[in-house]
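Descriptive structure summary
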Amino acid sequence: MMEHQRIAVVTGANRGIGREIARQLAMHSLTVVLGVRDLFHGETVARELAATGLSVMAYQLDITHPRQVEQFVEYLTKTVGRLDVLVNNAGILLEPDDDLASKVRMETIKTTFETNLFGVWHLTQALLPLMRQQNYGRIVNVSSGIAAFENNAAPPELAPAYRVSKAALNALTVTLAGELQGTNILVNAVCPGYVRTETHNLDALRTVVEGADTPVWLATLPDDGPTGSFFRDRQRIAW
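What this report covers is the structure whose coordinates are included nearby. Keep in mind that what you see is a predicted model, and the values were worked out from it rather than measured.

Scoring rules and cut-offs
- Residues numbered from 1 in each chain as written.
- Predicted model: local features only at pLDDT ≥ 70, side-chain atom pairs only at ≥ 80, totals over all residues.
- Heavy atoms only, no water.
- Helix = DSSP H or I, 4+ residues; strand = E, 2+ residues; numbered from the N terminus.
- Rg over C-alpha atoms; globule rule 2.2 N^0.38 Å.
- Contact = heavy atoms within 4.5 Å.
- Areas by Shrake-Rupley, 256 points an atom, 1.4 Å probe, with all protein chains shown as cover.
- Lys, Arg positive; Asp, Glu negative; His and termini not counted.
- Charge placed at Lys NZ, Arg CZ, Asp CG, Glu CD.
- Buried < 20%, exposed > 50% of the residue type's maximum accessible area, 1.4 Å probe, protein only.
- Pairing = 2+ DSSP bridges.
- Right-handed = clockwise from strand over helix to strand, strands pointing away.
- Expected span 1.5 Å × (residues − 1).
- Bend = angle between axes of the 7 residues up to and from the residue.
- Core = buried A, V, L, I, M, F, W, Y, C linked by side-chain atoms within 4.5 Å.
- Phe/Tyr/Trp six-rings, centres within 6.5 Å; stacked < 30°, edge-to-face > 60°.

The helix and strand inventory of the protein chain stands at six helices and eight strands. Secondary structure elements in the protein chain, listed N-terminal to C-terminal, are β-α-β-α-β-α-β-α-β-α-β-α-β-β. Against the 2.2 N^0.38 benchmark of 18 Å for 239 residues, the protein chain shows a C-alpha radius of gyration of 17 Å, consistent with a compact globule. When its C-alpha atoms are laid out on the principal axes, the protein chain stretches across 50 × 40 × 35 Å. Residue pairs at least 24 apart in sequence account for 70% of intrachain contacts in the protein chain once pairs closer than 6 positions are excluded. Entry remark: accessible area of the protein chain is about 11600 Å², with carbon and sulfur atoms responsible for 53%. Within the protein chain, the 25 negative side-chain charges are centred at a point lying 2 Å from the centre of the 21 positive side-chain charges.

This part covers the pairing of strand β2 (residues 31–36). Look at any regular strand and the pattern is simple: side chains alternate between the two faces of the sheet. Of all six residues in β2, six are buried, a share of seventy percent or more. Here β2 shows a buried face lined by T31, V33 and G35 and a second buried face lined by V32, L34 and V36. By the bridge criterion, five bridges tie strand β1 (residues 7–11) to β2 in an arrangement that is parallel. Note on β2: the bridge partner recorded for I7 is T31. At this point the chain moves from β1, through helix α1 (residues 16–27), to the parallel β2, and the crossover so formed is right-handed. The sheet contact formed by β2 and strand β3 (residues 56–60) spans five bridges and is parallel. Its bridge partner being in β3, L34 is matched across the sheet by A58. For the crossover that starts at β2, traverses helix α2 (residues 39–50) and ends in the parallel β3, the hand is right-handed.

The subject of this paragraph is the sheet that holds strand β5 (residues 137–142). An order of β3-β2-β1-β4-β5-β6-β7-β8 is seen for the eight strands of this open sheet, with the pairing classed as mixed. Either end of the sheet is taken by a strand with one partner, and the two such strands are β3 and β8 (235–236). As judged from the four bridges shared by strand β4 (residues 85–88) and β5, these two strands associate in the parallel manner. By the bridge assignment, V85 is partnered in β5 with R138.

For the rest of this paragraph, the subject is helix α4 (residues 106–132). Here α4 spans 37 Å end to end across 27 residues, near enough to the 39 Å set by a 1.5 Å rise per residue. When the local axis directions of α4 are compared, the greatest deviation, roughly 40°, occurs at E114.

V10, I21, L25, V32, L34 and V87 are the most contacted members of the largest nonpolar core, which has 32 residues in total. I7, L86, A90 and L123 belong to the second largest nonpolar core, which has 29 residues in total.

Now for the packing of aromatic side chains. Per the counting criterion, the structure on display carries five aromatic pairs. Geometrically, the ring pair formed by Y59 and F72 is tilted, given 5.0 Å between the ring centres and 50° between the ring planes. Taken as a pair, Y59 in strand β3 and F72 in helix α3 (residues 66–79) lie far apart in primary sequence, 13 residues in all. Relative accessible area serves as the criterion here: at 19%, Y59 is assigned to the buried category. Relative accessible area serves as the criterion here: at 0%, F72 is assigned to the buried category. Aromatic pair F230 and W239: ring centres 5.2 Å apart, planes at 15°, arrangement stacked. For F230, a relative accessible area of 1% translates into the label buried. Given the relative accessible area of 27%, W239 is considered partly exposed. Counting every residue linked through ring pairs, the aromatic cluster contains Y59, F72 and Y75.

Here you go:
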């Protein structure tokens with residue numbers, strides 16, 4: 001690893017859009033740590049990307065497990081001593097297609113929030129000191145257009161627990177961005193769009209390459225870049 005090379009962490013990076021975000025960030029000459037729940041698959045992805053000349057490594061990280069978060073921060077602090085980019089991509093959607101806010105099981109809601117909000121919040125809190133110490137950071141929260149309050153055409157039965165958890169993530173984005181004004185730590189949310197992966201959304205027209213473009217753009221913003229906003233296709237969209 002080159003001295004002072006920028007370090008990025010991407011959670012949920014063993015497949016789909018998370019893997020592609022990691023690949024594109026590594027193409028920008030960042031060293032990327034793949035935060036993955038399944039270390040075997042994560043290490044397989046890391047080897048595949050490293051074989052193309054990219055600087056990538058995998059670390060077992062379930063953001064819903066506080067001790068794993070603590071161990072991860074200790075690892076980063078001791079091995080590289082810095083963090084420049086955090087892409088909070090890990091997320092879950094557990095609901096059937098026809099669920100409703102009035103009927104979705106409370107267990108499903110709680111489990112969804114544990115990953116999509118509380119896990120993201122805890123990890124971000126834990127890693128912020130590494131950004132603060134160098135007065136630089138880019139935090140990208142992967143959200144969804146169905147979480148928007150304005151211009152939201154999504155049907156009411158579409159993933160109510162998921163969409164509310166992402167709306168809460170958007171609120172966290174705004175709150176953190178306001179707190180971090182003047183620190184050169186920029187915090188934004190992104191809707192990658194309806195993306196086709198190898199195993200999900202097979203009818204989607206957007207590729208993972210296209211879906212990863214805006215998250216990577218936000219992760220590499222210049223110092224005068226935007227903060228506290230919601231983006232799709234590099235354009236601000238309404239909360």
